[in-house]
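Tertiary structure, described
Chain by chain, the residues run as shown.
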Amino acid sequence: MQLYREILGLDPEHVLTYLNLGNVYMALRQNSEAEEAYKKTIEINPYYLFGDIALAKLYVFTNQANKAADLLQKVVAWHPADKEIRLYLGLAYSLLKDGSRAVVEWDKTLVLDPQFAVAHYYLGLQYQNDNPGLSKRHLNEFLEIARREKTYDERQIADAEKTLKKL
């Protein structure tokens, strides 16, 4: 934190420093400080996607889905081809109990990147009650990609396997 403050003393509009500060605050669960830092990145550069995505993630993970959806709807209007924006917009809709809009966003992430495993994961979870066959397909695709890439959270893998056993 001290190093980041020194950098900001030299360059008070250093976007990446504010993003990193926000990440540190988020890791420390100092959510209001993280929000301030992420908002500063967007204030300095309104088209800085990493700031928008970080702020949206903070909102999603702190149960402020309305704020995440509002933010990402604006961002997706000028940058529709970013899979992370679509992923978090889908999560926001899901938290708002709007499953159909969540599915639309996650489907769009797969158009952008068919191997985006986490989109398959969330689609698999979303479909488990309404369309078990489609749920199985997406969860199996998630597991195949996750095991091949070896970069996914073991909890998500275990959750996908557990859900598949129930289907």
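A quick note: this is a predicted structure, and the numbers were derived from the prediction, not measured. (Residues numbered from 1 in each chain as written. Predicted model: local features only at pLDDT ≥ 70, side-chain atom pairs only at ≥ 80, totals over all residues. Heavy atoms only, no water.)

Describing the packing of aromatic side chains
Note the threshold: In summary, the pairing rule links any two rings of Phe, Tyr or Trp, Trp by its six-membered ring, whose centres are within 6.5 Å, and it sorts them by plane angle into stacked for under 30 degrees, edge-to-face for over 60 and tilted for everything else. Put simply, DSSP H or I for four residues or longer makes a helix, DSSP E for two residues or longer makes a strand, and each gets a number counted from the N terminus. Any residue under 20% of the maximum accessible area for its type is buried, any over 50% is exposed, and the rest in between are partly exposed; the area is computed with a 1.4 Å probe on protein chains only.
Using the criterion set out here, one finds seven aromatic pairs in the structure. Ring centres 4.9 Å apart and planes at 80° place the aromatic pair Tyr47 and Trp78 in the edge-to-face group. Within this pair, whereas Tyr47 is found in the loop between α3 (31-44) and α4 (49-61), its partner Trp78 is found in helix α5 (residues 65-78), the two being separated by 31 residues in sequence. Between the aromatic rings of Trp106 and Tyr122, the centroid separation amounts to 5.5 Å while the plane-to-plane angle is 20°, which identifies the pairing as stacked. Of this pair, Trp106 sits in helix α7 (residues 99-112) while Tyr122 sits in helix α8 (residues 117-127); the two residues are 16 residues apart in sequence, bridging distant segments of the chain. Take Trp106: its relative accessible area is 1%, and that puts it in the buried class. In this structure Tyr122 comes out as buried when scored by relative accessible area, which is 18%.

With respect to the pattern of salt bridges
Cut-off, in case you're wondering: Salt bridges are counted wherever a side-chain nitrogen of Lys or Arg sits within 4 Å of a carboxyl oxygen of Asp or Glu.
In total, this model carries nine salt bridges according to the counting rule given. When the shortest N-O distance is used, the salt bridge between Glu161 and Arg147 registers 2.2 Å. Of this pair, Glu161 sits in helix α10 (residues 154-166) while Arg147 is found in helix α9 (residues 132-149), placing the two residues 14 residues apart along the sequence. Note on Glu161: relative accessible area 28%, which makes it partly exposed. According to the relative accessible area criterion, Arg147 is partly exposed, its value standing at 45%. One network of salt bridges, with partners in common, ties together Glu35, Lys39 and Lys67.

Concerning the side chain of Thr41
Put simply, the rule reads: What makes two residues a contact is simply this: any of their non-hydrogen atoms within 4.5 Å.
With respect to the secondary-structure elements, Thr41 resides in helix α3. Since its relative accessible area comes to 0%, Thr41 is described here as buried. Setting aside chain neighbours within four positions, we find Thr41 in contact with Val15, Tyr18, Leu19, Tyr48 and Gly51.

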